[in-house]
Amino acid sequence: MPLVDAEGPLTGVPEGAGDPSRRALDERVRAWMAEPDPWASAPDDARFGALALELFAYQFEHCAPYRRLCERRDRTPGQVDRWQDIPAVPAGAFKELRIACFDPSATRHVFRTSGTSTAHRGALHLDTLALYEASLVPSFERFLLPELAGRPGRARIVVLAPSANTAPDSSLSHMFQVMVERRGDGASGFFMGGDALDVDGVLAALAEPCGEGVPTLVCGTAFAFVHLLDALGREGGAIRLPEGARVMETGGFKGRSRELARDALHHEIADGLGVPATRIVNQYGMTELGSQFYDTRLNQPESPCRKLGPPWTRVLLVDPDLGTPVADGEPGAIRIFDLANTGSVACLQTADLGRRAGDGFEVLGRAPGAEERGCSIAVDEMLGG
Amino acid sequence: MTAGEVRAARERLVQAKADLPDAADRVELLGALLDRLRDPTSEPHQKLVARLPAASGFSPEVVREGLRLALADWTGEALLALARRELGPDLGVRGARRLAPFETVTVVLGGALPMPTVIEMLGPLVVGSPALVKPASRDPLTARVVADSLAEVSPELGRAVEIASVRSDDGQAMAALCQAPCVVASGSDATMGALREHLPATTRFVPHGHRLSVAVLDARARGDALARDAAGLATDVCLWDQLGCLSPAFALVVGEPTVPDAVWGAVGDALDARAAALPRGRVAPATAAVLAHERQEAQMRADANADVRVREGNDFVLVAEADARLRPLPGHRLLRLLPAPGEGELARALADVAPHLAAVGIAASMEPVVRALLARSGASRLCPLGRMQAPPLSWSHDGQPVFLPLARWVDLEGPGAD
């Protein structure tokens, strides 16, 4: 049995965006998200650019820390006429400052980044979950359940993460909760409470026969998969996922399990769960963002794997020092523009390194064990933040 | 190197043990090696200065000055004094207790700073055990230079060291490497944990996990005293690009609620000057992304809070924080100054890092009461600013003796015990 049963739909929560100009922006972005197939047309740069510039002007006016950053960089709405030139907020600022375009009293929900009690956690303040949920659904379906996208149907969704009820400040749990409620069948559910994995529950949920045409998806954090694999190894258990099953993993390890390079993790998942590596998808997401990016393995299996997001996002790879785009093929710091972030700031500068790959990008993570040349411990590693 | 080659190397070491010079001669010869490494005109020293920058990524200036400063007091005389202090005046005979060296010791090196390699390779030999040495992937050079120099100083000692260039992901070769009665290893806590899991329970394991160090400045210092402290701190930061366990990861400024302008200016100016003389080494793109992100994030806070300041200089970033909370410290000369108005704040700031603390570099004018508090902080070394990168040979790394963890003793009772 799942550790926590899903209770009630999370969608349809009251709207909090009270400002008429903001509401109008929200409605336009949401209309894009609600199209039957938002990916149907070629990337619509004009539509994206127009919305991005309007949103920039709104956020410049309503978010004081962002306004100061723009003014320092001499990039104010009057000076910027391309979305590519909109200033980016460093993602770490969400740990330190309230990056929001509305009064604190209008806050409906706060998602926080993971971390220990001593680490300061980043916070995304939301006055509405509507846009957040509207953004996550089409991407999740397109990249993980492509056979269901735009059609009715259910999937067996086995989640190796706590439910939203157990972890209300986890954006990842919220995303899974929305999808389990929207697309999960009766045996779908959450099999983690805190850091404790319900291995028997996972095995039982996967053993329960699926209905005709119901795909199986096992999804969760990378460290939860390591816990599952280690538990199976200790107990001599094995899982053979059914034909057509797929896996989605996300996030790092943060000292919660042994650490593996992403390729090695996928290799172990493939061996341990009996699923081809070509059906294992990594999701790149951040608490501070309303949208997520996925490997294209399932929806474009014939093309080289890369990360793509929904059409209301853009990714630039920039020189870390200059902030200017790097040449194709060169590594650059990942900068994300996400129109789903209407209530905070749409343009985020991450500390992650990536590289352009066709119409998408790849994340160039540092392999675990590839230590710096020194012998000093990193404080963020020490604090588990 | 394959598992078979590792086993063959260990066999050779077992043979070499029989030919090792006696303790007194051994320590004298090892002292001669240290004197040779320290001499800037010697071949091994010049080899390190010439080749370590390319191998490790540190700038030539940092390697040259880092070696000069660190090795200055690592003399043959200091080695003998330390060996006598730990092993007894007769180097292994203490009444009825005799040193019984392990047949071989495996040394797994980490990082790219040369000094730990030197002391970790010499340790087994001081206590009379041949050493099978796995060089650090980031520094394949220093272990080889030390081994070659040993052979020149003494062929018998040279035969008692074998370099095992084993890939960490070669499970069989790593297992063969760890088939030793004693294993010394340096690296991250995760690496140490993984190694420990693979060692038999009977193996003596001497891990040196990653550590960090902290500098403590006096918020009320002014004039020449402040300039000297700032210059010392700048040297400590610039040497080894703030990546060593003795590098100050951050500096606490004790005695005022915010970082005073005078301290802010003095540290920035000192870093400017020192970084010009000691250029920063290579910065990997992933690290550059983190550094830029931290700088931008600090600047954004600075725009909102006058107590936060950012100064980007020649190969460094200096951030004055408004509080003593720990934030990401990526090294590579991103130095945060954290205000600690009183002893309580200082103690709280150090508590978070206490389990990982190696050294504390202290301003010359710091009050005795603060020094006493720092002595209880968990650090294994307190030293003046400017000396953090020059630990004495006798420094009790991790609070332990240098050679004793590698030693095994036998107590003799009954006839012949005296």
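On a predicted model such as this, the values are computed, not experimentally measured, just so you know.

Along its length, chain B carries 15 helices and 15 strands. Taken over C-alpha atoms, the radius of gyration comes to 23 Å for chain B, in line with the 22 Å a tight globule of 418 residues would show. Oriented by its inertia axes, the alpha-carbon framework of chain B measures out at about 75 × 45 × 45 Å. Of all 418 residues assigned to chain B, the portion counted as buried reaches 57%. With the model as given, the accessible surface of chain B reaches about 15,700 Å², and the carbon-plus-sulfur share is 51%. Computed over 44 positive and 51 negative side-chain charges, the inter-centroid distance for chain B is 1 Å.

Once that is clear, we can look at the environment of Val-218 of chain A. Of note, Val-218 of chain A is situated in strand 8 (residues 216-221). On the basis of relative accessibility, which here comes to 1%, the residue Val-218 of chain A falls in the buried class.

Let's shift gears to the sheet that holds strand 12 (residues 334-340) of chain B. Residue and element names in this part refer to chain B. The strand order across the open sheet built from 7 strands is 10-11-12-9-8-13-14, with neighbouring strands paired in mixed fashion. On the outer flanks of this sheet lie strand 10 (309-313) and strand 14 (381-384), each paired with one strand and no other. Averaged over all adjacent pairs, the angle separating strand axes in this sheet is 20 degrees, with direction ignored. The pairing of strand 8 (residues 212-218) with strand 9 (residues 248-254) spans 6 bridges and is parallel. Along strand 9, the bridge assignment pairs Ala-215 with Ala-251.

All names here are of chain B. Here 3 strands make up an open sheet; going across it, the order is 1-2-15 and the pairing antiparallel. The outermost strands of the open sheet, each flanked by one partner alone, are strand 1 (93-94) and strand 15 (409-411). Bridge count between strand 2 (residues 97-99) and strand 15: 3 bridges; the pairing is antiparallel. When the sheet's bridge partners are listed, Arg-97 is paired in strand 15 with Asp-411.

Attention now goes to the nonpolar core. If you look at the biggest cluster of nonpolar residues, it comprises 116 residues, and the most contacted ones within it are Val-267 and Leu-337 of chain B. With residues near it in sequence (within four places) discarded, Leu-337 of chain B still touches Leu-217, Ala-251, Val-253, Val-259, Trp-264, Val-267, Leu-318, Val-319, Ala-320 and Glu-321 of chain B. Of all hydrophobic cores here, the second largest spans 81 residues; its members include Val-89, Cys-101, Phe-293 and Leu-308 of chain A.

Before going further, it helps to examine the interface of chain B and chain A. The interface is formed by 45 residues belonging to chain B together with 37 residues belonging to chain A. Here chain B meets chain A over a buried area of about 3,600 Å², counting both sides, of which 60% is carbon and sulfur. When the buried surface of chain B facing chain A is broken down by residue, His-210, His-293 and Met-300 of chain B rank first, second and third, together holding 19% of it. Between the two partners, chain B and chain A, sit 5 salt bridges. A salt bridge links Arg-72 of chain A to Asp-303 of chain B; the nearest nitrogen and oxygen atoms lie 2.7 Å apart. For the pair chain B and chain A, the interface holds 6 residue pairs in polar contact (both at pLDDT 80 or more). Breaking the side of chain B that touches chain A down by element, the ones donating at least two residues are helix 10 (189-198) and helix 13 (285-304) of chain B.

In this section: the packing of helix 2 (residues 23-38) of chain B against helix 3 (residues 43-56) of chain B. All names here are of chain B. For the pair helix 2 and helix 3, the least separation of the axes is 6 Å and the interaxial angle reads 50 degrees. The angle between the axes of helix 2 and helix 3 places the two elements in the oblique class. Here the hand of the crossing between helix 2 and helix 3 comes out right-handed. For the pair helix 2 and helix 3, contact is made by Arg-36, Leu-37 and Arg-38 and by Glu-43, Pro-44 and His-45, respectively.

What follows deals with helix 3 (residues 64-72) of chain A. Those residues of helix 3 of chain A that sit buried are Pro-65, Tyr-66, Leu-69 and Cys-70 of chain A. Relative to the axis of helix 3 of chain A, the buried residues are bounded by an arc of 135 degrees and lie together on one face. Looking at the buried positions of helix 3 of chain A, the neighbouring elements they touch are helix 2 (45-62) and strand 1 (89-90) of chain A together with helix 13 of chain B. Positive phi appears at Asp-74 of chain A, one or two residues downstream of helix 3 of chain A, with a value of about 55 degrees.

Attention now moves to the side chain of Arg-381 of chain B. All names here are of chain B. Considering the arrangement of structural elements, one finds Arg-381 in strand 14. An unpaired buried charge is present at Arg-381: no salt bridge exists, and Asp-236, the closest side chain of opposite charge, is 7.4 Å distant. In this structure Arg-381 touches Leu-246, Ala-358, Ala-359, Val-360, Arg-387, Met-388, Ala-390, Pro-391, Pro-392 and Trp-395, once residues within four positions along its chain are discounted.

Looking now at the environment of Met-192 of chain B. Residues and elements named next belong to chain B. Among the structural elements, Met-192 can be located in helix 10. C-alpha separation for the pair Met-192 and Ala-9, spaced 183 residues apart in sequence, amounts to 24 Å. When residues no more than four places from it in sequence are discounted, the contact partners of Met-192 are Ala-185, Ser-186, Gly-187, Phe-205, Pro-207, His-208 and Gly-209.

Before going further, it helps to examine the side chain of Arg-26 of chain B. All names here are of chain B. If you trace the backbone, Arg-26 turns up in helix 2. The charged side chain of Arg-26 is buried without a salt bridge, its nearest counter-charge being Asp-22 at 6.4 Å. At 3.0 Å, the side chain of Arg-26 and the backbone oxygen of Val-126 are in polar contact. With residues up to four places along the chain from it excluded, the contact list for Arg-26 reads Leu-20, Pro-21, Leu-125, Val-126, Val-127, Gly-128 and Leu-157.

Residue and element names in this part refer to chain B. As assigned here, chain B comprises domain 1 (3-210 + 396-411) and domain 2 (212-384). Between domain 1 and domain 2, the C-alpha centre-to-centre distance is 32 Å. In this complex, domain 1 contributes 22 residues to the contact, which on the side of domain 2 involves 16 residues. Carbon and sulfur atoms make up 69% of the surface buried where domain 1 meets domain 2, a total of about 1,300 Å² over both sides.

For a regular strand, the rule is simple: side chains alternate between the two faces of the sheet. Residue and element names in this part refer to chain B. Among the 5 residues that make up strand 11 (residues 316-320), 5 are buried, leaving the element largely enclosed by the rest of the structure. Alternating positions in strand 11 separate into two faces, Phe-316, Leu-318 and Ala-320 on one and Val-317 and Val-319 on the other, with burial throughout. In the sheet, strand 10 pairs with strand 11 via 5 bridges, with the strands oriented antiparallel. Paired with Glu-312 across the strands is Val-317, a residue of strand 11. Where strand 10 folds back on strand 11, the antiparallel hairpin that results is connected by 2 residues, among which Asp-315 adopts a positive phi of roughly 65 degrees.

Our focus in this paragraph is the packing of aromatic side chains. Residue and element names in this part refer to chain A. Enumeration according to the criterion identifies 12 aromatic pairs over all chains in this entry. Measuring from centroid to centroid gives 4.9 Å for Trp-83 and Phe-337, while their planes differ by 80 degrees, and the two rings are edge-to-face. Residue Trp-83 is found in the loop between helix 3 and strand 1, and its partner Phe-337 is found in strand 14 (residues 331-338); the two are separated by 254 residues along the sequence. In this structure, Trp-83 and Phe-337 share a single accessibility class: buried. Between the aromatic rings of Tyr-284 and Phe-361, the centroid separation amounts to 5.9 Å while the plane-to-plane angle is 75 degrees, which identifies the pairing as edge-to-face. Pair noted here: Tyr-284 is in strand 10 (residues 280-284) and Phe-361 is in strand 16 (residues 360-363), with a separation of 77 residues, a long-range link. A relative accessible area of 2% places Phe-361 in the buried class. Three or more aromatic residues joined by ring pairs form one cluster here, namely Trp-32, Trp-39, Phe-143, Tyr-294 and Trp-312. The cationic tip of Arg-98 hangs over the ring face of Phe-102; the distance from NZ or CZ to the ring centre is 5.1 Å. Geometry around Phe-48 places Arg-314 over its ring, the cationic atom sitting 4.3 Å from the centre.

So, how was this worked out
- Residues numbered from 1 in each chain as written.
- Chains lettered and ligands numbered in written order.
- Predicted model: local features only at pLDDT ≥ 70, side-chain atom pairs only at ≥ 80, totals over all residues.
- Heavy atoms only, no water.
- Helix = DSSP H or I, 4+ residues; strand = E, 2+ residues; numbered from the N terminus.
- Rg over C-alpha atoms; globule rule 2.2 N^0.38 Å.
- Buried < 20%, exposed > 50% of the residue type's maximum accessible area, 1.4 Å probe, protein only.
- Areas by Shrake-Rupley, 256 points an atom, 1.4 Å probe, with all protein chains shown as cover.
- Lys, Arg positive; Asp, Glu negative; His and termini not counted.
- Charge placed at Lys NZ, Arg CZ, Asp CG, Glu CD.
- Pairing = 2+ DSSP bridges.
- Axes fitted to C-alpha atoms, helices over the stretch in contact; angles between N-to-C directions.
- Core = buried A, V, L, I, M, F, W, Y, C linked by side-chain atoms within 4.5 Å.
- Contact = heavy atoms within 4.5 Å.
- Buried area = accessible area lost by both parts, 1.4 Å probe.
- Salt bridge = Lys/Arg side-chain N within 4 Å of Asp/Glu carboxyl O.
- Polar contact = N/O pair within 3.5 Å; in protein donor to acceptor, adjacent residues only side chain to side chain.
- Parallel < 35°, antiparallel > 145°, perpendicular 65-115°, else oblique.
- Left-handed = near helix turned anticlockwise from the far one by under 90°.
- Arc of directions from axis to C-beta.
- Domains from an automatic or database assignment.
- Phe/Tyr/Trp six-rings, centres within 6.5 Å; stacked < 30°, edge-to-face > 60°.
- Lys NZ or Arg CZ within 6 Å of the ring centre and 35° of its normal.

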